[in-house]
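Descriptive structure summary
One-letter residues, chain by chain:
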Amino acid sequence: MKFEHHVMSQLTLEEKAALVSGKDSWYTATIDRLGLAPMMMSDGPSGLRKQLGTPDQTDINESIEAVCFPASALTACSFDREQLNQLGHQLGTAATAEKLGVLLGPGINLKRSPLAGRNFEYFSEDPYLVGELAAAYVKGVQAEGVGVSVKHFAANNRENRRFTSSSNVDERTLRELYLATFEKVVKQANPATIMCSYNAINGTLSSQNRRLLTNILRDEWGFKGLVMSDWGAVADHTAAIKAGLDLEMPGKGDQSVDEIVTAVKNGSLAEADLDRAVSRVLKMIQDWQPADSKQANPYDMEAQHEFARKLATNSFVLLKNENAVLPINKGDKLAVIGELAAHPRYQGSGSSHVNAHRLVTPLETINQVRPDATFVAGYSLTADRIDQAAIAEAVDVAKSADKVIIFAGYPERLESEGFDKTSIDLPANQNQLIEAVSQVNQHVVVVLQNGSAVRTPWADHVAGMLETYLAGEAVGEATWDVLSGKVNPSGKLAETFPLRLEDTPSYLTFDADLQDENYREGLFMGYRYYDKKKQPVQFSFGYGLSYTMFKYTGLQLKVTGDHVSGTVKVKNTGSRSGAEVVQVYVGNRTSQIEKPIKTLANFVKVSLVPGEEKTVSFELDQRAFSWYNPRKADWQVDNGQYDVLIGSSSTDIRLSDTVELDWAPEQQIHIDQSTYIGDLMAQAKFAKAVEQVGLTDVFKKLADDHDPAAKMFRNMPLRAATTMGVTPAKIDKLIEIMNG
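This section reports on the structure supplied with the text. (Residues numbered from 1 in each chain as written. Predicted model: local features only at pLDDT ≥ 70, side-chain atom pairs only at ≥ 80, totals over all residues. Heavy atoms only, no water.)

1. Description of empty space enclosed by the protein
- Applying the stated criterion to the full structure yields 2 cavities of 30 Å³ or more.
- The volume enclosed by the largest cavity comes to roughly 120 Å³.
- As for the largest cavity, its lining consists of 15 residues, of which Lys111, Arg112, Pro114, Glu125 and Thr496 are closest to the centre.
- Partitioned by chemical class, the residues of the lining of the largest cavity number 6 nonpolar, 5 polar and 4 charged.
- Counting contributing residues, the lining of the largest cavity receives three or more from each of domain 1 (1-50 + 79-288) and domain 2 (302-536).
- Each pocket or cavity is described by its volume, and for the second largest cavity that value is around 50 Å³.
- Together, Pro45, Ser46, Ala71, Ser72, Phe120, Glu121, Gln347, Gly348 and Ser352 line the second largest cavity.
- Residue composition of the lining of the second largest cavity, grouped by class: 3 nonpolar, 5 polar and 1 charged.
- Here the lining of the second largest cavity gathers at least three residues from each of two domains, domain 1 (1-50 + 79-288) and domain 2 (302-536). (1 Å grid on protein atoms, 1.4 Å probe; cavity = no way out; pocket = protein on both sides within 12 Å on 5 of 7 lines; lining within 4 Å. Points joined across faces, edges and corners; volume = space filled by probe spheres on them. Nonpolar A, V, L, I, M, F, W, Y, C, P; charged D, E, K, R; others polar. Domains from an automatic or database assignment.)

2. Things to note about the pattern of salt bridges
- Counted under the stated rule, the structure contains 47 salt bridges.
- Linking glutamate 15 and arginine 33 is a salt bridge whose minimum nitrogen-to-oxygen distance equals 2.7 Å. Of the two residues, glutamate 15 sits in helix α2 (residues 13-19) while arginine 33 sits in the loop between α2 and β1 (41-43), which places them 18 residues apart along the sequence.
- Notably, a salt bridge pairs lysine 50 with glutamate 98, separated by 3.2 Å at the nearest N-O pair. (Salt bridge = Lys/Arg side-chain N within 4 Å of Asp/Glu carboxyl O. Helix = DSSP H or I, 4+ residues; strand = E, 2+ residues; numbered from the N terminus.)

3. Examining the pairing of strand β9 (residues 226-229)
- Residues Leu226 and Met228 point to one face of β9 and Val227 and Ser229 to the other, with burial holding for every one of them.
- In the sheet, strand β6 (residues 193-196) pairs with β9 via 4 bridges, with the strands oriented parallel. Within β9, the position partnered with methionine 195 by the bridge is methionine 228. (Buried < 20%, exposed > 50% of the residue type's maximum accessible area, 1.4 Å probe, protein only. Pairing = 2+ DSSP bridges.)

4. A word on the sheet that holds strand β10 (residues 317-321)
- With mixed pairing, 6 strands are arranged side by side in an open sheet as β10-β16-β15-β14-β11-β13. A strand with exactly one partner marks an edge of an open sheet, and here the two such strands are β10 and β13 (374-376). For this sheet, the mean inter-axis angle between neighbouring strands, taken without regard to orientation, is 15 degrees.
- Sheet topology places strand β15 (residues 444-449) next to strand β16 (residues 464-467); 4 bridges connect them, and they run parallel. Across the sheet, the residue bridging to valine 447 is leucine 466, located in β16.
- This element, helix α16 (residues 428-438), spans β11 (334-337), β14 (403-409) and β15 of the sheet and lies at about 165 degrees to β14. (Axes fitted to C-alpha atoms, helices over the stretch in contact; angles between N-to-C directions. Contact = heavy atoms within 4.5 Å.)

5. Structural notes on the sheet that holds strand β18 (residues 516-518)
- Here we have 4 strands laid out as an open sheet, ordered β8-β7-β5-β18, and mixed in their pairing. Of all strands in the sheet, those with a lone pairing partner are β8 (204-205) and β18, marking the two edges.
- The pairing of strand β5 (residues 166-168) with β18 spans 3 bridges and is classified as parallel. Across the sheet, residue asparagine 168 finds its bridge partner in β18, namely asparagine 518.

6. Brief notes about the packing of aromatic side chains
- Scanning the entire structure with this criterion turns up 18 aromatic pairs.
- Between tyrosine 128 and phenylalanine 603, the aromatic rings sit 6.0 Å apart at their centres with planes inclined by 80 degrees, giving edge-to-face as the arrangement. Highlighted residues: tyrosine 128 in helix α5 (residues 127-143) and phenylalanine 603 in strand β23 (residues 599-608), separated in sequence by 475 residues.
- Taking relative accessible area as the criterion, tyrosine 128 reaches 17% and is therefore assigned buried.
- Ring centres of tyrosine 628 and tryptophan 635 lie 5.4 Å apart, and the angle between their planes is 80 degrees; on these two criteria the pair is classed as edge-to-face.
- Three or more aromatic residues link up through ring pairs in this structure, and these residues are Phe79, Tyr128, Tyr527, Phe541, Tyr585 and Phe603.
- Taking NZ or CZ as reference, arginine 112 lies 4.0 Å from the ring centre of tyrosine 519, over its face.
- In this structure, arginine 623 packs its charged tip against the face of tryptophan 635, placed 3.4 Å from the ring centre. (Phe/Tyr/Trp six-rings, centres within 6.5 Å; stacked < 30°, edge-to-face > 60°. Lys NZ or Arg CZ within 6 Å of the ring centre and 35° of its normal.)

7. Things to note about the layout of surface pockets
- One number sums up the size of the largest pocket: a volume of about 1,400 Å³.
- Gln592, Gln636, Asp638, Gln667 and Ile669 are, among the 37 residues lining the largest pocket, the residues nearest its centre.
- Listing elements by their share of the lining of the largest pocket, those giving two or more residues are α6 (171-178), β25 (627-629) and α19 (677-681).
- The greatest single-element share of the lining of the largest pocket, amounting to 3 residues, is contributed by α19.
- Broken down by class, the residue content of the lining of the largest pocket amounts to 13 nonpolar, 13 polar and 11 charged.
- Of the voids in this model, the second largest pocket is the one considered here, and its volume is about 710 Å³.
- Around the second largest pocket, the lining is made up of 32 residues, and of these Tyr128, Leu600, Arg623, Ala624 and Ser626 lie nearest the centre.
- Of all the secondary structure elements, the ones that give two or more residues to the lining of the second largest pocket are α5, α6, α7 (180-189), β22 (578-588), β23 and β24 (613-621).
- There are two domains that each give the lining of the second largest pocket at least three residues, and those are domain 1 (1-50 + 79-288) and domain 3 (550-661).

Function cannot be read off these values alone, since they describe shape.
Listed below in structure tokens is the structure:
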């Protein structure tokens with residue numbers, strides 16, 4: 001007999017009610033008489049936040065010491081599945097040592113707007129990239145014997161009024177973008193748990209959304225794990241259990257038990273529904289409870305620190321490098337400007353905050369390797385006030401330097417979980433500093449520390465730009481590794497940097513309504529929107545420079561069975577070793593639907609020494625060519641032509657070719673009075689049918705693409721053929737023959 005069945009048979013109703021509510025903020029309930037110990041969970045998408053002190057303790061200063069890894073906003077830029085898998089292993093190792101059962105993360109919501117306060121914790125604006133990296137991460141954690149809680153399910157794309165706001169989104173957009181990330185992770189990585197989001201979807205709270213938690217997640221995707229709530233997301237526990245929620249976190253003590261017991265006794269909750277949730281809680285405990293939960297084991301934090309450093313350098317994005325201002329040469333007289341060099345923004349705020357093992361700041365590292373470098377703060381992080389004296393000091397230092405590194409970014413007070421931003425501009429004191437310094441020195445490099453896309457109005461005035469996002473505790477060492485050329489940057493932007501906030505696809509609707517977040521941009525989010533609108537951007541999705549150059553040649557495509565396989569040759573034509581991310585996009589020429597120009601369908605990161613050429617292979621499955629048809633409630637691929645585009649970014653397409661697909665079975669189209677004449681004429685048997693009815697001469701005239709009248713009549717339903725002199729009887733006969 002399974003563990004959960006054995007325990008279930010001995011539980012009282014009150015004990016069952018206790019098990020579907022967290023004992024407190026971090027533990028499952030305890031049933032002492034059955035020897036059922038509590039299982040602990042912890043925040044941890046980029047490092048453990050295991051709490052010390054009382055069980056209800058949430059103060060970040062009371063969490064254990066742990067290595068702070070780069071935030072997901074940065075690691076996504078690695079475009080490296082293997083590195084994300086290794087990050088998972090590192091987190092799993094730490095969680096195992098700390099006797100944790102479930103690690104809360106990763107967050108895999110999409111970056112719909114650069115204003116969303118929690119973007120630093122999420123990977124990308126593209127669902128394929130998110131799904132691939134998150135699946136690799138989850139596999140890594142769980143391979144170490146620790147479960148994960150993939151969050152926040154679903155369409156949790158703003159922080160303002162997040163407990164009650166409704167994400168109102170059409171079915172195609174929901175399926176192709178916002179659910180696609182979760183679907184891939186569920187099917188590829190079998191996560192232990194899913195965490196439902198605070199928000200409602202189309203008017204129904206996620207915690208009470210049976211269609212989301214049961215019909216889609218379990219019945220369609222085959223999810224076998226547990227569904228827990230985000231902390232405080234449950235408004236009606238009885239309704240949540242009936243919808244498919246298994247565990248309310250945190251519990252409300254006796255109140256949680258009483259409400260469930262009362263609901264069962266008065267018949268508003270079937271005990272069978274309660275038992276279903278209890279069995280999933282018991283199975284989670286059986287599968288993921290550490291063998292010995294009494295004492296933590298030591299593990300090598302210094303080795304993890306070095307991994308954090310490597311992961312950051314593998315993810316940094318070189319945005320600009322005019323006249324090879326980078327890497328910095330040993331003989332360059334160096335000026336370092338910006339308080340963020342001394343007090344870096346290296347991690348997110350809120351539930352992902354880590355009590356870092358060993359923070360190394362950029363200024364510390366630079367002082368060690370370049371003690372001759374001059375440093376001035378230039379601005380204050382605590383206020384936006386423009387300090388003209390500080391700017392003047394920075395300008396004076398810059399005048400005598402060969403190269404200037406300015407550290408700029410978003411202060412923690414302006415970007416955090418719990419609220420959304422109102423601007424994507426850096427503080428005015430930083431922008432004015434950069435403008436002033438760039439006027440007196442032609443070799444200025446700006447190093448950005450930020451949680452999501454920012455506006456860079458001074459981009460044309462500086463020589464270099466390096467995006468480091470929130471780089472973790474090894475931020476100082478990693479930043480210097482790239483600035484000095486020890487590491488050749490290979491990151492690619494996982495989100496678009498717009499020229500202006502007003503250019504973003506959700507600008508008109510984001511946070512516009514306190515109750516309703518209306519996704520009116522639909523499918524056209526991120527690069528899909530900018531492509532379709534031909535809207536210029538500052539830096540495009542997938543963009544990132546290197547200290548070397550890469551040449552693409554020889555694209556070969558082959559349609560085999562139910563997939564398309566391809567190869568392309570990539571050569572390092574520069575003088576430094578480096579890595580390139582080969583991005584594969586698909587464009588749908590065939591389906592007569594709203595659709596983006598192209599979507600990311602695969603990517604491969606390849607490392608090359610100078611002069612080396614490698615053949616990169618990739619595969620595209622049917623999903624890469626499919627769209628979600630709400631009328632059929634299923635994915636659909638249409639026969640016809642599709643573009644396969646190979647690029648170094650979404651706007652830097654190097655090679656392309658077209659494939660012809662005939663995967664879909666030929667469907668008999670039912671003809672009726674409302675069938676359009678143009679669609680009818682495209683049918684193979686149409687010519688013979690009109691000949692039988694004696695209408696060849698009438699319809700033959702409509703084939704002339706140069707005749708406006710012919711084009712007009714083709715764009716009419718069959719019933720309107722009476723305007724061309726066709727009798728209703730002949731229309732009926734034609735329909736009969738075509739359908740026969």
